[in-house]
Structures are given as structure tokens and as C-alpha cells.
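Summary of structural features
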Amino acid sequence: QNQADVMIELGDDIRNQIIKDMSPEQLAKVTAKLDVDDSADFVQSLPDELNSHPLSDPATVKAINHPANLRAVYECAAKLRGEPLEELASCVAENFLRLFGAR
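This write-up is about the structure you can find in this document. (Residues numbered from 1 in each chain as written. Predicted model: local features only at pLDDT ≥ 70, side-chain atom pairs only at ≥ 80, totals over all residues. Heavy atoms only, no water.)

With respect to the overall build of the protein chain
Threshold: Elements are defined by DSSP. Helices are runs of H or I of four residues or more, strands are runs of E of two residues or more, and each kind is numbered from the N terminus. Every residue pair with non-hydrogen atoms within 4.5 Å of one another is taken to be in contact. Note on areas: these come from Shrake-Rupley sampling with a 1.4 Å probe, and a residue is covered only by the protein chains present in the view.
Looking only at helices and strands, the protein chain has 6 helices and 0 strands in total. Listed by position from the N terminus, the elements making up the protein chain come as α-α-α-α-α-α. When contacts within the protein chain are restricted to residue pairs at least 6 apart in sequence, those whose partners lie at least 24 apart make up 42%. Of the roughly 7,400 Å² that the protein chain leaves accessible, carbon and sulfur atoms contribute 56%.

Structural data, given as C-alpha cells:
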């Protein structure tokens, strides 16, 4: 967890360069033990190319809920878990149906 804590505290430029140079396996290992709050902080600190629709407006710092973020979140989660996007999406869909039931 110490590596992930350090990553969160790094400046944006340095963190972004390190993330770009990491393999999905390395990124997954570094972030695997983060708690939910730190995971959210880490995802929000990802480089812009990994988050095409930021979760907050830089001018107002107000949260933005944009449907396009779903794909970016799925892509990032799949990369962190070291699995294909399609496999993660299938798992999320199965969990959704188990939780809310098919209509």
C-alpha cells in the first residue's frame, strides 16, 4: 500500500509519467490494497487520456456525472484488475442482474 500512497502524493506530471510507463500488472499490484476512498482519489488523478470526461469541473470543482465516464471507468478498472474489458463488463452485468434482478 505504501507505493500507492506515494503515487497519490506525487505531482500530476510525475505520477502521469510513471503510470504511462507501468504495465497493467504493475499498476494492479500497486493499487490492489487501496481502500475505497484512496481508490477514488487515485482514479481521479489518472492522466487525462485515461479519463476523457473528468469527474469534476476544473473551474468550479463541482462534481460532474457524465455517461461517457462509464467506459473510462470500466477501462481503468479492467487495466487495474489485469483482465479484458469485455470480461469485466460481463462480470458487472451479471452482478447487476443478481442484485437487481432481470425485468
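The discussion continues.
Details of the pattern of salt bridges
Note that side chains of opposite charge can pair when their charged atoms are close. Which entries qualify depends on this criterion: By salt bridge we mean one thing: a side-chain nitrogen of Lys or Arg within 4 Å of a carboxyl oxygen of Asp or Glu. We call a residue buried when its accessible area falls under 20% of the maximum for its residue type, exposed when it is over 50%, and partly exposed in between, using a 1.4 Å probe and counting protein chains only.
A complete count under the given rule lists 2 salt bridges for this structure. Its salt-bridge partner being Arg 71, residue Glu 75 comes within 2.9 Å of it at the nearest N-O pair. Taken together, the residues Glu 75 and Arg 71, both in helix 5 (residues 69-81) and 4 residues apart, mark about one turn of the helix. A relative accessible area of 37% places Glu 75 in the partly exposed class. Among the salt bridges present, the one from Arg 81 reaches Glu 83, with a minimum N-O distance of 3.3 Å.

A word on helix 3 (residues 24-31)
We apply this condition: The arc in question is the one traced by the directions running from the helix axis out to the C-beta atoms.
Taken residue by residue, helix 3 has Leu 27, Ala 28, Val 30 and Thr 31 as its buried positions. On an axial view of helix 3, the arc spanned by its buried residues comes to 165°, and they lie on one face. Opposite its buried face, helix 3 presents the exposed residues Glu 25 and Lys 29, each directed more than 90 degrees away.

Details of helix 2 (residues 12-21)
When we look at burial in helix 2, the residues that qualify are Arg 15, Asn 16 and Ile 19. For helix 2, the angular spread of the buried residues around the axis is 100°, confining them to a single face. Across from the buried face of helix 2, at angles greater than 90 degrees, the exposed residues are Asp 13, Ile 14, Lys 20 and Asp 21.

Here we look at the nonpolar core
For the record, the criterion: For our purposes a nonpolar core is just a set of buried Ala, Val, Leu, Ile, Met, Phe, Trp, Tyr and Cys residues, chained together by side-chain atoms within 4.5 Å.
Judged by nonpolar contacts, Met 7, Ile 19, Met 22, Leu 27, Val 30, Leu 34, Phe 42, Cys 76 and Leu 80 together constitute the single largest core of 9 residues. Looking at this core, the elements that each hand over two or more residues are helix 3 and helix 5.

Considerations on the packing of helix 5 against helix 6 (residues 85-100)
For clarity, the threshold we go by: Lines fitted to C-alpha atoms define the axes, with helix axes restricted to the stretch in contact, and inter-axis angles between N-to-C directions lie between 0 and 180 degrees. Here the angle decides the label: under 35 degrees means roughly parallel, over 145 means roughly antiparallel, 65 to 115 means roughly perpendicular, and every other value means oblique. Ten residue types, Ala, Val, Leu, Ile, Met, Phe, Trp, Tyr, Cys and Pro, are classed as nonpolar, four, Asp, Glu, Lys and Arg, as charged, and the remainder, Gly among them, as polar.
At a minimum axis distance of 9 Å, the contact between helix 5 and helix 6 shows a crossing angle of 110°. One finds that helix 5 runs roughly perpendicular with respect to helix 6. Contact residues: Arg 71, Tyr 74, Glu 75, Ala 77, Ala 78 and Arg 81 in helix 5; Leu 85, Leu 88, Ala 89 and Val 92 in helix 6. Its residues assigned to classes, the contact of helix 5 with helix 6 shows 7 nonpolar, no polar and 3 charged.

Thoughts on the environment of Arg 81
Mapped onto the fold, Arg 81 is located in helix 5. Taking the relative accessible area as the measure of exposure, Arg 81 reaches 53% and is therefore exposed. Between the alpha carbons of Arg 81 and Pro 24 there is a distance of 7.8 Å; along the sequence they are 57 residues apart. Residues contacting Arg 81, with those up to four places away along its chain left out, are Ala 28 and Leu 88.

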